[in-house]
Structures are given as structure tokens and as C-alpha cells.
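A closer look at the structure
Here's the letter readout for the chains.
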Amino acid sequence: MHHSPVPRRWDSRPVPAHPRRSLCVDPDSPSRLLRCAQRDRCRECGNSVEWYQRVRDRPVRLHPRELPAAAVPADHRWHVSSGLAYPSGDGSAWCRLAHASVCPARDAGAAAVPELASLRRRLAVNTRRLADAGSFTPAVPAGPAGRQPEDHCRPARPTVQILYVRYLAARPLDEIQCVAQTRRRDRCTFTMLASGGPAGVWRLVPATATQGQLALPAEVMAVYDLSSLPYGEQLRWRTQRCPQHAATPTAADLALTDWEPFDPLVHLAYVHRRLPTHSRRPHPGSGTQKAVRR
């Protein structure tokens, strides 16, 4: 018996095949992610989190499950509406919770509430289980002064200046990965520094505080400056895309960018006062070093 490769109905009529359309993101969309509730793992404890966009602030990590609103303090309730997260309750019997409130790698804080303390203990047990299985490596604890271990040659979270705005990266420069989606529907594996394009310059700049803040005790700080690059190249860094995906604005993002607006007081532990290079030579006639191109 011969079977036709074309699908047909019961009366032998061919079934019309409608052309498939790929999802595209509007270039003017405020969010380049194809969907909300992006699943991820906390870099500090390894537990599952969900990323949600906010109206005028950075995205927030929420606990992946809803909790009874009666068991969560009113100041720590979140709700999601139309894909956006809001730091308040919506009047229902259920609410969401920011992961930072129960992260076992941080101070207890709000987890002093019995219900949140129990959830925090369960997450701590899961962190230990992941570490024992080798699927999660706990971060190196900070020093006694609350600072990270000194590693001038490779800052764990460097400060980068893009379009005259300073950002704090979430990972070392050579690990910042493109966030775009490939044709195989997975994340691009290219990194920003390995793209072969023009590189920035490490500089020692004054650690000035923003308007209305107190002065910092540090006089200078190391910044990876991209201000000398063309506007398009700096925009590519800020959107965290490799050159191939920077030329394809309709390609969606599979992850959030690693940039966090740098605050000299909040991020004081990540301020590096020396250039991240082994060869440091003082500039003639001054107390600072020359800019080193990497």
C-alpha cells in the first residue's frame, strides 16, 4: 500500500499547510525578552529564581513559587501584573517574595519572621545539596572588612564606563557573554572581549561621589573605559551583544544584561584602587599610573 507524503483528510483532500512564522521582538519594545519569568539560578546560593521586569528600576529576582500573603510581612510582598513586578500586595490571598529576603547566602534580615526563616532553611539545605553534588560552587566569602579578596589582575566585578555612565558588571570582563538568541534557540556563546572588535582601556579615575552623597575615602578607582570607542560599539556593549547579533536587532534576548548602575557607596566593596595588570609603572610627574590597554 502506497502512502502519500502529503497529509490528507478522510476524503483524500490535501490538508493545507500554513507557513510557520518565527517570533520577533519589536525594536522599540522596552523589554527584549520573548517572555517574562526568566528562570535562572542565584549566583550566591544556587537556588532557582525568576527574573521580572519593573517599571522604572532594575529587574528583580523573585522566589519561583507563590506564598500565602498572611505568612509574608506586608513590606516584603510582591505581585506580578501584565508581566511586571510590583513591590506590594495586590489584595489577594497569595503573593510573591523577593529572593534576596530569603537567600541563605545573605544576612537573615526579614527571615527573622518564622515563616520566612523556615523557607530560608529549606533553601540553605538545597544549597548544601547542590554543593555536595558538584553542580554549584559557593562564592568565596568576603574578607573581615566586608571586601572581596584582592585580585587586581582580574576583578570579579569590574566597573565599566559606557557612554559616560559607570556600570558594575556581574562577572569578569572575559566572561561577559552575549545575551542574544541563536537560530537554534539557545544563548549565543560569544563573549564581548573575544569578539575581535576594539577594546577599551583600563584607567585610574577619581572615585567621585554622585550629587548629594558623601565623599569616598578612596581617591582613585580602576575603570574599564569604553568612551574612546565609536557610539555604535559602546551601544553594543551596553546591550551586551556580539557583533553578529548587534547587526540583527530583531533577534530576541535569552538573558538579562549583567550591568548594574554603579553606586560608589553601595558598591564600595568592588572599588579597585590599582590597575588590573602585573606591570604597573607610575606616570612621570604624577602619582597615578598610565592607562593600560587590554
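See the structure printed just above.
If you're wondering where the values come from, they're calculated on a predicted model, not measured in any experiment.

Rules used in this analysis
- The residue numbers shown here count from 1 along each chain, following its written sequence.
- Local features in a predicted model are, by the rule used here, given only for residues with pLDDT of at least 70; side-chain atom pairs are given and counted only at 80 or more, and totals for whole chains, interfaces and linings are based on all residues.
- Heavy atoms throughout the structure, all of them, feed into the side-chain values; hydrogens and water do not.
- Going along the chain from the N terminus, every DSSP run of H or I of four or more residues is numbered as a helix, and every run of E of two or more is numbered as a strand.
- Note on contacts: a residue pair qualifies if any of its non-hydrogen atoms lie within 4.5 Å across the two residues.
- Every accessible area reported is derived by Shrake-Rupley at a probe size of 1.4 Å, with residue values counting cover from the shown protein chains alone.
- Put simply, a nonpolar core is a bunch of buried Ala, Val, Leu, Ile, Met, Phe, Trp, Tyr and Cys residues held in one set by side-chain atoms that sit within 4.5 Å of each other.
- Exposure categories follow from relative accessible area, calculated using a 1.4 Å probe and restricted to protein chains: below 20% of the type maximum is buried, above 50% is exposed, and the middle band is partly exposed.
- A pair of strands counts as paired when DSSP detects no fewer than two bridges linking them.
- Inter-axis angles, ranging from 0 to 180 degrees, are taken between N-to-C directions of lines fitted to C-alpha atoms, where helices are fitted over the stretch in contact.
- Expected span of a helix, by definition, is 1.5 Å for each gap between consecutive residues, and there is one gap fewer than residues.
- We call Phe, Tyr and Trp rings a pair once their centres come within 6.5 Å, taking the six-membered ring for Trp, and we label the pair stacked below 30 degrees between planes, edge-to-face above 60, and tilted otherwise.
- Whether a charge sits over a ring depends on NZ of Lys or CZ of Arg being within 6 Å of the ring centre and within 35 degrees of the ring normal.

What follows is about the overall build of the chain. For the chain, the count of helices and strands is three helices and 13 strands. In the chain, the proportion of contacts linking residues at least 24 apart, taken out of those at least 6 apart, comes to 56%. When the accessible area of the chain is evaluated, it comes to approximately 18,300 Å², of which 53% is carbon and sulfur surface.

Time to look at the nonpolar core. Soluble, globular proteins show a tendency: their nonpolar side chains are buried together. If you look at the biggest cluster of nonpolar residues, it comprises 17 residues, and the most contacted ones within it are V160, I162, L173, Y224, L226, W237 and W259. Of all the elements in the fold, those that place two or more residues in this core are β8 (159–162), β10 (201–206) and β11 (220–225). Once you skip the residues sitting within four places of it in the chain, W259 turns out to touch R58, V160, I162, Y167, L168, A169, I176, W237, R238 and Q240. Listed in part, the nine residues of the second largest apolar core include L67, V72, V102 and L116.

Phi at L163 takes a positive value of approximately 55°, unusual for a residue other than glycine. Residue placement: L163 occurs in the loop between β8 and β9 (165–168). Of note in this structure, Y164 is not a glycine but carries a positive phi near 65°. Checked against the element boundaries, Y164 lands in the loop between β8 and β9. Looking at Y164, the relative accessible area reads 66%, which means it is exposed.

A separate point is the pairing of β9. Two strands pair when backbone bridges link them, and β8 and β9 are joined in this way by four bridges, in the antiparallel orientation. Each bridged residue has a counterpart across the sheet, and for T159 the counterpart in β9 is L168. Between β8 and the antiparallel strand that follows it, β9, lie two residues; L163 among them carries a positive phi value of about 55°. Note that β9 and strand β12 (residues 260–261) share two bridges and pair antiparallel.

In this section: the sheet that holds strand β2 (residues 48–52). Strand order in this open sheet of three strands is β1-β2-β3, and the pairing throughout is antiparallel. With one partner strand each, in any of the chains shown, β1 (38–41) and β3 (60–62) form the two edges of the open sheet. Across the sheet, the mean angle separating the axes of adjacent strands is 45° when strand polarity is ignored. With three bridges joining them, β2 and β3 adopt antiparallel strand pairing. By the bridge assignment, W51 is partnered in β3 with R61.

As for its position among the elements, H63 is in the loop between β3 and β4 (67–68). Assessed through its relative accessible area of 7%, H63 is described here as buried. Apart from the residues within four sequence positions on either side, H63 is in contact with R96, L97, A98, H99, L119 and L123.

Along the chain, V102 turns up in the loop between β7 (94–97) and α1 (114–133). Take V102: its relative accessible area is 0%, and that puts it in the buried class. Taking the C-alpha atoms as reference, V102 lies 7.5 Å from A117; in sequence the two are 15 residues apart. Those residues in contact with V102 that lie beyond four places of it in its chain are L97, L116, L119, R120 and L123.

A word on α1. The periodicity of an α-helix, 3.6 residues per turn, causes residues three or four places apart in sequence to face the same way. Look at α1: 29 Å from first C-alpha to last across 20 residues, which is about the 28 Å you get at 1.5 Å a residue. Each element contacted by the buried residues of α1 is listed here: β1, β4 and β7. Just beyond α1, the residue with positive phi is G134, at close to 80°.

Once that is clear, we can look at the sheet that holds β4. What links the strands of a sheet is backbone hydrogen bonding, and the strands pair in either a parallel or an antiparallel sense. The four strands lie next to each other as β4-β7-β5-β6, forming an open sheet whose pairing is antiparallel. Of all the strands in the sheet, the pair left with one neighbour each is β4 and β6 (84–86). As paired elements, strand β5 (residues 77–81) and β7 share two bridges and run antiparallel to each other. Opposite W78, over in β7, you have R96 as the bridge partner.

A separate point is the packing of aromatic side chains. Applying the stated criterion across every chain yields a total of three aromatic pairs. With a centroid separation of 6.2 Å and 50° between ring planes, the pair formed by Y224 and W237 is classed as tilted. You can see Y224 sitting in strand β11 and its partner W237 sitting in helix α2 (residues 231–239), a full 13 residues away along the chain. Its relative accessible area of 0% is what places Y224 among the buried residues. Note on W237: relative accessible area 1%, which makes it buried. Aromatic rings pair up to connect W202, Y224 and W237 into one cluster. Note that R157 overlies the ring of Y270, its terminal NZ or CZ placed 4.9 Å from the centroid.

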